[in-house]
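What follows is the residue order along each chain.
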Amino acid sequence: MPIMMTKQVSGSPFLKPFFLKTPVRRDGPRQQRRHTLPASEFRNLTPQDAISVLEIEREAFVSVSGECPLTLDEVLNFLVLCPELSLGWFEEGQLVAFIIGSGWDKDRLSQEAMTRHVPDTPAVHIHVLSVHRHCRQQGKGSILLWRYLQYLRCVPGLRRALLICEDFLVPFYLKAGFKEKGPSEISVSNLNFQEMEYLLGGQAYARRNSGC
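An unreviewed UniProt entry lists the protein chain under the name Serotonin N-acetyltransferase, from Nothobranchius furzeri. Under the UniProt heading Sequence similarities (unreviewed entry), the entry covering the protein chain gives this text: "Belongs to the acetyltransferase family. AANAT subfamily." A UniProt comment under Pathway (unreviewed entry) is attached to the protein chain, and it reads "Aromatic compound metabolism; melatonin biosynthesis; melatonin from serotonin: step 1/2."

Encoded structure:
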């Protein structure tokens, strides 16, 4: 059954916010108040999130490769055409990490896949995973990627996720369950990449202590 790329997946446990409870505050002998503040929220991105996306992306990539994986116009394009293939992690309303994907219809990624969304296809091209500089070295990238992949399992018709990465990131994605497909034909700023694939078969499951 072809997937419908135009609708967000509702009711997914991997998009629900989770909360941290603060201690009971005692204002007086007759007053007790429990404060419950939203600590984290995972949701699909919208075009209104594009500037925050670009700010995180610029800081993460420009110093390394000299350019962002996605321009502002490309971010906006994907968040209009396929917002259901994105996922943002928000803390107290601020974006701290995100993934943006689009649909793809071939076995391997090509240069065309960098800027194109193909609707109603069984594959997702993960364009970018990025974490705010103040939130790195905290495991947020791994957690967000895990939630994203479990979320994709809830999307009818999706069968696999594809991405390209530099050699030093291959162990990260292997640990997440991706398999190597070999060198990619895509090059950006004279950088070479490996192509990785994740099969989405099976049921999504809740990670212990993840808030699912």
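## Points about the nonpolar core
Grouped together as the largest cluster of nonpolar side chains are 43 residues, with contacts concentrated most on I100, Y148, L152 and F178. What F178 contacts, discounting residues up to four positions off in sequence, is I126, L145, L149, A161, L163, Y173, M196, E197 and Y198.

## Some remarks on unusual backbone geometry
With phi around 50°, E92 is a residue other than glycine that occupies positive phi space. Looking at the secondary structure, you find E92 in the loop between β5 (86-91) and β6 (94-104). A residue is classified by how much of its surface remains accessible, and E92, at 71% relative accessible area, is exposed. In this structure, Q137 is a non-glycine residue whose phi angle is positive, near 60°. Position of Q137 among the secondary structure elements: in the loop between β7 (123-131) and α3 (140-153).

## Regarding the environment of L87
Counting through the fold element by element, L87 comes out in strand β5. With relative accessibility at 0%, the residue L87 sits in the buried group. Along the primary structure L87 and R147 are separated by 60 residues, whereas in three dimensions their C-alpha atoms are 8.7 Å apart.

Here is what the cut-offs are and how they apply
All residue numbers here refer to positions counted from 1 along the written sequence of the relevant chain. For this predicted model, a pLDDT threshold of at least 70 governs which residues receive local features, and a threshold of 80 or more governs which side-chain atom pairs are given and counted, while totals over whole chains, interfaces and linings are taken from all residues. Neither water nor hydrogens contribute to the side-chain values; these are computed over all heavy atoms in the structure. UniProt positions are given in the numbering used here, feature names are shortened, and annotations may be inferred rather than shown by experiment. Each nonpolar core is a collection of buried residues, namely Ala, Val, Leu, Ile, Met, Phe, Trp, Tyr and Cys, held together in the definition by side-chain atoms within 4.5 Å. Relative accessible area decides the class of each residue, using a 1.4 Å probe on protein chains only: under 20% of the type maximum gives buried, over 50% gives exposed, and in between gives partly exposed. Note on definitions: a residue-residue contact is assigned when non-hydrogen atoms from the two residues lie within 4.5 Å. By the criteria applied, helices consist of DSSP H or I runs no shorter than four residues and strands consist of E runs no shorter than two, each listed in order from the N terminus.

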